[in-house]
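Next come the chains, spelled out residue by residue.
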Amino acid sequence: MNIAIKLPNDLKERTLAFPLLHELVNKLKEGLEEDEILKVHLISLAEGIDVLNLLPFEAFYHELQEDDVKSVFSIHRACSNMKINQLDYFISTTESFVDASIGKNLGAKISIGFAVGKNGWLLEKKITKMAGDHKSNQMFRLIKGVLDEVPPMEKVSSRQLPAIYDDFEENPYIVLNLDIIDGEVNSEWQELVELVVGKKFVLMCAELGLDDQQEFLQEYISKLSRKNTYKAFVYDSNITFAKLISYSAGFVTHDSPLVNIASYCGCTVLFINRKENLSITGPRYFTGEVLSYSKYDPEFRGEQGHNYGRVFDEIVKYIEANTEVKNDSEKAEKETTSD
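Thresholds applied
Residues numbered from 1 in each chain as written. Predicted model: local features only at pLDDT ≥ 70, side-chain atom pairs only at ≥ 80, totals over all residues. Heavy atoms only, no water. Helix = DSSP H or I, 4+ residues; strand = E, 2+ residues; numbered from the N terminus. Expected span 1.5 Å × (residues − 1). Buried < 20%, exposed > 50% of the residue type's maximum accessible area, 1.4 Å probe, protein only. Arc of directions from axis to C-beta. Salt bridge = Lys/Arg side-chain N within 4 Å of Asp/Glu carboxyl O.

Engineer: Looking at this structure, I do not really get helix 8 (residues 210–221). What am I missing?
Structural biologist: Three or four residues apart is the spacing at which side chains of an α-helix point the same way, because the helix has 3.6 residues per turn. With 12 residues, helix 8 ought to run about 16 Å at 1.5 Å a step, and its terminal C-alpha atoms sit 18 Å apart, in line with that. Inspection of helix 8 places Gln213, Leu217, Tyr220 and Ile221 among the buried residues, and these make up the whole buried set. The buried residues of helix 8 all sit within an arc of 90° when viewed along its axis, so they share a single face. Residues of helix 8 that are exposed and point over 90 degrees away from its buried face: Asp211 and Glu215.

Put into structure tokens, the structure is as follows:
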């Protein structure tokens, strides 16, 4: 069986399609005949396509450029270069008419997508999109086009990845994703690290270009209190970030698509939320907990955005509770209890 899925162009929404992908692949594999093989083709914009390597199953990845999805003519040319034959199902996870046309271009027996606008002309199975519902819920309903019954949604997580730091148990670390305001690191971050002692922080800045990160971070670290230890992490791919975050004690960040990736990797996210509507685009079906400190929440709202003092009170409590290093006797007692 061959199935192709066109994923959202937005990285944040692309990860929200993962619950659909997990369940669809699992159910299709269960229903295969003894000598049948499932081939999964994932179609995505090239930017951020590496996030698909976090999925716990094998698939073929097909890159698109932004120019490819501008019109039905440009996507037709792009599809002609894809090596996808004898396609049984095609699923479009977006409302795009261009995306909906991919199934016809690839000769899919059955094309599935949302019943919006003129897309119905191109689809054999049209699924109602519930306005205002969570993005993962919306996309999960597309499974109706393939399966006889819609299974319940379960929380999912990434495949297991190797750790970047071998001593993550002896030296638990917190990852801070710094944000830039007027060309400088948000001054609030320095206040946060001053509130704790003897902790290990890994600093990154996903907003910066790859060539600028190392020097920028090292210069910033040189100005920080010596009460804690710091490492600079260069964000060069979603895979290296996932390796970092999978073994961290927590991830502190402002608005970023990395919130969803970190949660998918099972990491607790301490989210200083400026504008995200988590009921629509939050990582609801991932295993990593998201602790949101929204500026719209009276408890965390200040005169010009966040009340950082109140937010940091909560973050420091979390850091203190989750970065304790157990001594050898405590470790031995835990291992004995487990046995």
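Engineer: Could you clarify how one ought to interpret the environment of Gln86 in this entry?
Structural biologist: Of note, Gln86 is situated in the loop between helix 3 (72–80) and strand 4 (89–92). We classify Gln86 as exposed; its relative accessible area is 72%. In this structure, the C-alpha to C-alpha distance between Gln86 and Gly107, residues 21 residues apart in sequence, is 7.4 Å.

Engineer: Sorry if this is basic, but what is going on with the pattern of salt bridges here?
Structural biologist: Counting across every chain of the model gives 18 salt bridges. Residues Lys6 and Asp99 are paired through a salt bridge, measuring 3.2 Å at the closest nitrogen-oxygen approach. You can see Lys6 sitting in strand 1 (residues 2–6) and its partner Asp99 sitting in helix 4 (residues 97–100), a full 93 residues away along the chain. Judged by relative accessible area, Lys6 falls into the buried class, the value being 0%. A relative accessible area of 1% places Asp99 in the buried class. Residue Glu314 is joined to Arg310 by a salt bridge in which the shortest nitrogen-to-oxygen separation is 2.8 Å.

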